[in-house]
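# Fold and contact review
Here are the chains, one letter per residue:
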Amino acid sequence: MDELEFMRGRVYGADHEDAGPRRGRVYVELVAGPLDGLLLDVTDWSARERAEGVALRTEIGRYGPGGRALYVPRPDGRRFDWHGDAP
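Residues numbered from 1 in each chain as written. Predicted model: local features only at pLDDT ≥ 70, side-chain atom pairs only at ≥ 80, totals over all residues. Heavy atoms only, no water.

## Concerning the confidence of the model for the chain
The predicted model of the chain averages 89 in pLDDT, with 91% of residues at 70 or higher. In the model, residues 1–7 has pLDDT below 50 throughout and makes 11 contacts with residues more than four positions away in sequence or in other chains. (pLDDT = per-residue confidence, 0-100. Contact = heavy atoms within 4.5 Å.)

## Quick word on the pairing of strand S5 (residues 79–86)
Two faces belong to every sheet, and in a regular strand the side chains alternate between them. With three bridges joining them, strand S1 (residues 27–31) and S5 adopt parallel strand pairing. What sits directly across from Val 31, in S5, is Asp 81. Here strand S4 (residues 67–73) runs beside S5; their pairing, made up of six bridges, is antiparallel. Across the sheet, the residue bridging to Val 72 is Asp 81, located in S5. (Pairing = 2+ DSSP bridges. Helix = DSSP H or I, 4+ residues; strand = E, 2+ residues; numbered from the N terminus.)

## Describing the pairing of strand S3 (residues 54–58)
Side chains Val 54, Leu 56 and Thr 58 of S3 all project onto a buried face; the interleaved residues Ala 55 and Arg 57 project onto a face where none is buried. Across five bridges, S3 lies against S4 in antiparallel orientation. In the strand pairing of S4, Arg 57 is matched with Arg 68. (Buried < 20%, exposed > 50% of the residue type's maximum accessible area, 1.4 Å probe, protein only.)

## A few points about the layout of surface pockets
Taken as a whole, the largest pocket encloses approximately 160 Å³ of empty space. What lines the largest pocket is simply Arg 10, Val 11, Tyr 12, Gly 13, Ala 14, Asp 15, His 16, Ala 19 and Leu 38. For the lining of the largest pocket, a count of residues per class yields five nonpolar, two polar and two charged. (1 Å grid on protein atoms, 1.4 Å probe; cavity = no way out; pocket = protein on both sides within 12 Å on 5 of 7 lines; lining within 4 Å. Points joined across faces, edges and corners; volume = space filled by probe spheres on them. Nonpolar A, V, L, I, M, F, W, Y, C, P; charged D, E, K, R; others polar.)

Below you can see the structure in the form of structure tokens.
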């Protein structure tokens, strides 16, 4: 996948009207699970935060409204893989 194709995705948590990536920000791609294909803005995250992964709120996961999708980073640092859902 080239850089332009990667950056064409929608950003997790962004307004629906302006959900595209912004210039000067750093994103990782969410792979698999309920948020597959979305981009996550990690611009202000420390290296430690990026290494730990994240639990993202989503209504479309196993636990419905209030549930979270768990994502962990790949070694390449550009993608986070789905690791399951949590209540």
